[in-house]
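# Commentary on secondary and tertiary structure
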Amino acid sequence: MKEKELKALVSLLEDDELRPEIERKIYSLGNTIIPFLEEEWESNFDASVQERIEGIIHNLQFELLKERLKEWKQNESDDLLKGMWLVATYQYPDLSLERLRQDFEQLYYEVWPDFNPDAHPYDQVKIVSGVLFSRIRFKANTTNFHSPANSMINSVLESKRGNPIALGVVYMLIAQKLGMPVYGVNLPNFFILTYHDEEKDVQFYINAFNRGLIFTKQDIDHYLAQISVNPHPRYYKACDHHDIVARVLRNLSISFEKLDDHTKADEVKQLLVLFDG
């Protein structure tokens, strides 16, 4: 359809009698019509029409997110930052992936001058932790632990506050860019990192939620005993990017439930079903 026809189509949303047919046509056109919907929202001062337009835009963007998540899972899951960006676009549909990449590039260049690739792995971790948690001042968001913002990578970069998995992802992406074999580990009720160099037979663990604290397998044993969970091999080895993004989505759903925003919680569960299916 031509631009003039699209504008005319959107303007007909005011007509209650024609609305069902107009909405079906709009949905069939997909995301290409969103700019025209936004333009109509700005020029239309009828609150009910504005609300209707907001709902249509959200539904179109939500369908796009579903498709993007399926594509990421099938073909792009090696790109963890893109997966985290997709989760964030649920709340921030106009968020730029390129801008996120630039933000991480800037973080990398803040750590890189202090980094020594020939240092002992413990010392490498201490260098990265020192820059991220002391100089840049990332820290645990203990005050608002269940805030949805903790699942939005852009919000975490902006506020320098996050939950275990968000801070862990930031740490892991920077560490890997520095050439460190650092990966995520899914524990029950907690997310940690492991430094695992198979060639040198070196493995230990990092708690990004506690300023990069280094700990051992025995500490994990103790944690599991405390929460009455039997040890399992998956609690000691790296998880994949699918697991990380799925856990972020679960956390986000729980966050919305705690805010009594059950509509958003249910939508995120839909994403999780698509993702796990």
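Residues numbered from 1 in each chain as written. Predicted model: local features only at pLDDT ≥ 70, side-chain atom pairs only at ≥ 80, totals over all residues. Heavy atoms only, no water.

## A look at the pairing of strand β4 (residues 190-197)
A large share of β4 lies buried, amounting to 7 of its 8 residues. Relative to β4, strand β3 (residues 182-187) runs antiparallel, the two sharing 6 bridges. What sits directly across from Y183, in β4, is T194. What sits between β3 and β4 in their antiparallel hairpin is a turn of 2 residues, with N189 showing a positive phi close to 65 degrees. Where β4 meets strand β5 (residues 202-207), 5 bridges bridge the pair, whose relative direction is antiparallel. Note that in β5 the partner of T194 across the bridge is Y205. Here β4 folds back onto β5 in antiparallel fashion, the turn holding 4 residues, of which D201 has a positive phi close to 55 degrees. (Buried < 20%, exposed > 50% of the residue type's maximum accessible area, 1.4 Å probe, protein only. Helix = DSSP H or I, 4+ residues; strand = E, 2+ residues; numbered from the N terminus. Pairing = 2+ DSSP bridges.)

## Overview of unusual backbone geometry
Of note, the phi angle at N189 is positive, near 65 degrees, even though the residue is not glycine. As for its placement among the helices and strands, N189 is situated in the loop between β3 and β4. Classification of N189 as exposed rests on a relative accessible area of 69%. Located in the positive-phi region is R211, a residue other than glycine, with phi close to 60 degrees. With respect to the helices and strands, R211 occurs in the loop between β5 and β6 (213-215). Accessibility expressed as a relative area gives 48% for R211, which makes it partly exposed.

## Focus: the sheet that holds β5
In spatial order, the strands read β3-β4-β5-β6; together these 4 strands make up an open sheet with antiparallel pairing. Each having just a single partner strand, β3 and β6 make up the two edges of the open sheet. Shown here is a sheet whose adjacent strand axes are inclined to one another by a mean of 35 degrees, direction ignored. Examined bridge by bridge, β5 and β6 share 3 bridges and lie antiparallel to one another. Residue N207 lies in a different strand from β6, and its bridge partner there is L213. (Axes fitted to C-alpha atoms, helices over the stretch in contact; angles between N-to-C directions.)

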